[in-house]
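# What the coordinates show
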Amino acid sequence: MKIIKLYFIVFCTLFILPYSAVMAYEEANYEVVSKNEVYEIRIYSDRLAVETMKSGIDSNFRKLFNYISGRNDTQEKIKMTTPVTQVEKNGNMSMQFYLPSKFNSENAPNPSRKDVKIVNIEGGYYAVLRYSGRASDGNFIKHKEILEKELQKNNISIISPPIRATYDSPFTLPMNRRNEAMFKVELN
């Protein structure tokens, strides 16, 4: 009986608890329009995000986290959402936190830092390859290359740089993490 309890505790710790924390976050809405064994095509609506591009003393993540922690013009604390995305823009790596759906361009608090901005992430069709493991550069590059080759093979036009999307905290076990490589695409 003690062995069964031990197995139950280990199972809950490894498989149930990591998912319950993620499910508490609001996720960007999308609809899957097609799917194959490698990737899926999703359609997203426009989404509001807070973005920063330049690393300095504070990391990009820290700057955005400070914004949602109340370092904005209204000192409002904002709930974390998923995913956190990174994409190269004009030679710089940008990072975005999506704002909860209750915000729009009229009611989103303005950032208190000049290097943090509210931006609209344009909706449209996105090809997405989901993978687990660490959110390392190497793991992302490997999966974005797989996605890129599959899209080329299927004659789907890529119209954006690769986008890295992460959904879990660094404390989530790598095997339980949800990461995605994405491209905005044009469908015929």
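Further up the page is the structure itself.
Note that this is a predicted model, so its numbers are computed, not measured.

A tally of regular secondary structure across the protein chain gives 3 helices and 12 strands. Each of the 188 residues in the protein chain was classed as buried or not, and the buried ones make up 41%. Across the protein chain, the fraction of contacts at a sequence separation of at least 24, relative to all contacts at a separation of at least 6, is 68%. Here the protein chain displays about 11600 Å² of accessible surface, and carbon together with sulfur accounts for 55% of that area.

A few words on the pattern of salt bridges. Within this structure, the stated rule accounts for 13 salt bridges. Note that Lys102 and Glu76 form a salt bridge whose closest N and O atoms lie 3.8 Å from each other. One end of the pair, Lys102, is in the loop between β7 (92–98) and β8 (116–121); the other, Glu76, is in the loop between α2 (60–68) and β5 (81–82), with 26 residues separating them in the sequence. Residue Lys102 is classed as exposed on the basis of its relative accessible area of 56%. For the salt bridge of Arg164 with Asp137, the shortest nitrogen-to-oxygen distance reads 2.6 Å. One end of the pair, Arg164, is in strand β11 (residues 163–166); the other, Asp137, is in helix α3 (residues 137–153), and 27 residues separate them in sequence.

Here we take up the pairing of β11. Burial of β11 is two-sided: the residues Ile163 and Ala165 facing one way and the residues Arg164 and Thr166 facing the other way are all buried. When strand β6 (residues 84–89) meets β11, the two strands line up antiparallel, connected through 4 bridges. The partner of Gln86 across the bridge, within β11, is Arg164. Pairing of β11 with strand β12 (residues 179–186) involves 4 bridges; the strand directions are antiparallel. Across the sheet, the residue bridging to Arg164 is Ala181, located in β12.

The next point concerns unusual backbone geometry. The general pattern is negative phi for most residues beyond glycine and trans for most peptide bonds. The omega torsion of the bond from Thr82 to Pro83 falls at 0°, within 30 degrees of zero and hence cis. For Pro83, the location among the structural elements is in the loop between β5 and β6. Positive phi, normally seen in glycine, also occurs at Gln75, with a value near 55°. Take Gln75: it is sitting in the loop between α2 and β5. Assessed through its relative accessible area of 66%, Gln75 is described here as exposed.

The rules behind the values
Residues numbered from 1 in each chain as written. Predicted model: local features only at pLDDT ≥ 70, side-chain atom pairs only at ≥ 80, totals over all residues. Heavy atoms only, no water. Helix = DSSP H or I, 4+ residues; strand = E, 2+ residues; numbered from the N terminus. Buried < 20%, exposed > 50% of the residue type's maximum accessible area, 1.4 Å probe, protein only. Contact = heavy atoms within 4.5 Å. Areas by Shrake-Rupley, 256 points an atom, 1.4 Å probe, with all protein chains shown as cover. Salt bridge = Lys/Arg side-chain N within 4 Å of Asp/Glu carboxyl O. Pairing = 2+ DSSP bridges.

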